[in-house]
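Chains, contacts and geometry: an overview
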Amino acid sequence: MSHDILVEHISKNAQLSKWELTEFCKHFQLKSIPKKTFLLEQGEVCTFEGFVVEGCFRIFTIDKKGNENTLYFATKDWWLMDIDSFMNRKPSDLNMQALEDSKVLLIRKIDKLALYESVPAVEKLFRVMSQKAIVAWQRRLIRNHSQTATERYQHFTSTYPNIVTKLTDKQIASYLGITHEFLSKIKKKTN
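Not measured: the values here are computed from a predicted model.

Moving on: the pairing of strand 5 (residues 68-75). Sheet analysis places strand 4 (residues 56-62) next to strand 5, joined by seven bridges and oriented antiparallel. By the bridge assignment for strand 5, Arg58 is matched with Phe73. Hairpin connection, strand 4 to strand 5: the antiparallel pair is bridged by five residues, and Gly66 has positive phi, about 90°.

This paragraph deals with the sheet that holds strand 7 (residues 95-98). If you trace the four strands from one edge of the open sheet to the other, you get 2-7-4-5, paired in antiparallel fashion. The sheet is open, and its two borders are formed by strand 2 (38-40) and strand 5, each paired with just one other strand. Here the average twist between neighbouring strands, direction ignored, is 30°. Each of strand 4 and strand 5 touches helix 8 (residues 169-176); the most contacted strand, strand 5, lies at about 105° to it.

Our next topic: the sheet that holds strand 1 (residues 29-33). Within a sheet, each strand pairs with its neighbour through backbone hydrogen bonds, oriented either parallel or antiparallel. As summarised here, the arrangement of the four strands in space is 1-8-3-6, forming an open sheet in which the pairing is antiparallel. For this open sheet the edge positions go to strand 1 and strand 6 (79-80), each flanked by a neighbour on one side alone. Note that strand 3 (residues 48-54) and strand 8 (residues 102-108) share six bridges and pair antiparallel. Note that in strand 8 the partner of Glu54 across the bridge is Lys103. Across the sheet, helix 4 (residues 109-118) is in contact with strand 3 and strand 8; its angle to strand 8 comes to roughly 65°.

Once that is clear, we can look at the packing of helix 1 (residues 2-13) against helix 2 (residues 18-25). It is the contact of helix 1 with helix 2, at a shortest axis distance of 11 Å, that shows an interaxial angle of 125°. With respect to helix 2, the axis of helix 1 lies oblique. Note on packing geometry: the crossing formed by helix 1 with helix 2 is right-handed. The segment helix 1 lies against helix 2, with His3, Leu6, Val7, Ile10 and Ser11 engaging Leu21, Phe24 and Cys25. Looking at the contact of helix 1 with helix 2 residue by residue, the classes come out as six nonpolar, two polar and no charged.

Inspection of the secondary structure assignment puts Asn67 in the loop between strand 4 and strand 5. Judged by its relative accessible area of 38%, Asn67 is partly exposed. Each C-alpha atom of the pair Asn67 and Glu54 lies 28 Å from the other, and the pair is 13 residues apart in sequence. Apart from residues lying up to four places away in sequence, Asn67 is in contact with Thr61 and Ile62.

How each quantity is defined
Residues numbered from 1 in each chain as written. Predicted model: local features only at pLDDT ≥ 70, side-chain atom pairs only at ≥ 80, totals over all residues. Heavy atoms only, no water. Pairing = 2+ DSSP bridges. Helix = DSSP H or I, 4+ residues; strand = E, 2+ residues; numbered from the N terminus. Axes fitted to C-alpha atoms, helices over the stretch in contact; angles between N-to-C directions. Contact = heavy atoms within 4.5 Å. Parallel < 35°, antiparallel > 145°, perpendicular 65-115°, else oblique. Left-handed = near helix turned anticlockwise from the far one by under 90°. Nonpolar A, V, L, I, M, F, W, Y, C, P; charged D, E, K, R; others polar. Buried < 20%, exposed > 50% of the residue type's maximum accessible area, 1.4 Å probe, protein only.

This is the structure:
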């Protein structure tokens, strides 16, 4: 059942045979993550790439002053990982925390590399997905530098209405790069 969501997602990005899809899915292990539990904490090495089956994760850093800075949220049908830590085996700068009871399919680096060998189309699939992720990051950077906080808030709430309902104002403010108090002012103006 949980692999069906992964198959549906993969099928949007690549044409794999039934055998290739089966081979792909068997390398992923399902893990349940209770609410508020960390899948990854700063300082640990990220040994997985994850696909969210249900629930919601917040991916964030904590700076030297203790402030949380949210990079993104991952909900059903989204990927999560620390690519730098995963690829270079270095301690992660990221925290990945479940905001609600969640399930994620995890693949280890060794299994991903084995898939590249056994199912060559998988390497192209991950390349295409990586390119889409880079485009999304680039668009977010452009918005952060060219839009007001109000415009960023409106974009976030209109683009991700299902995620907004799962978040606290503090988490949204952290994602937008503003204070909780400033978000309250924006919400009063826009409502």
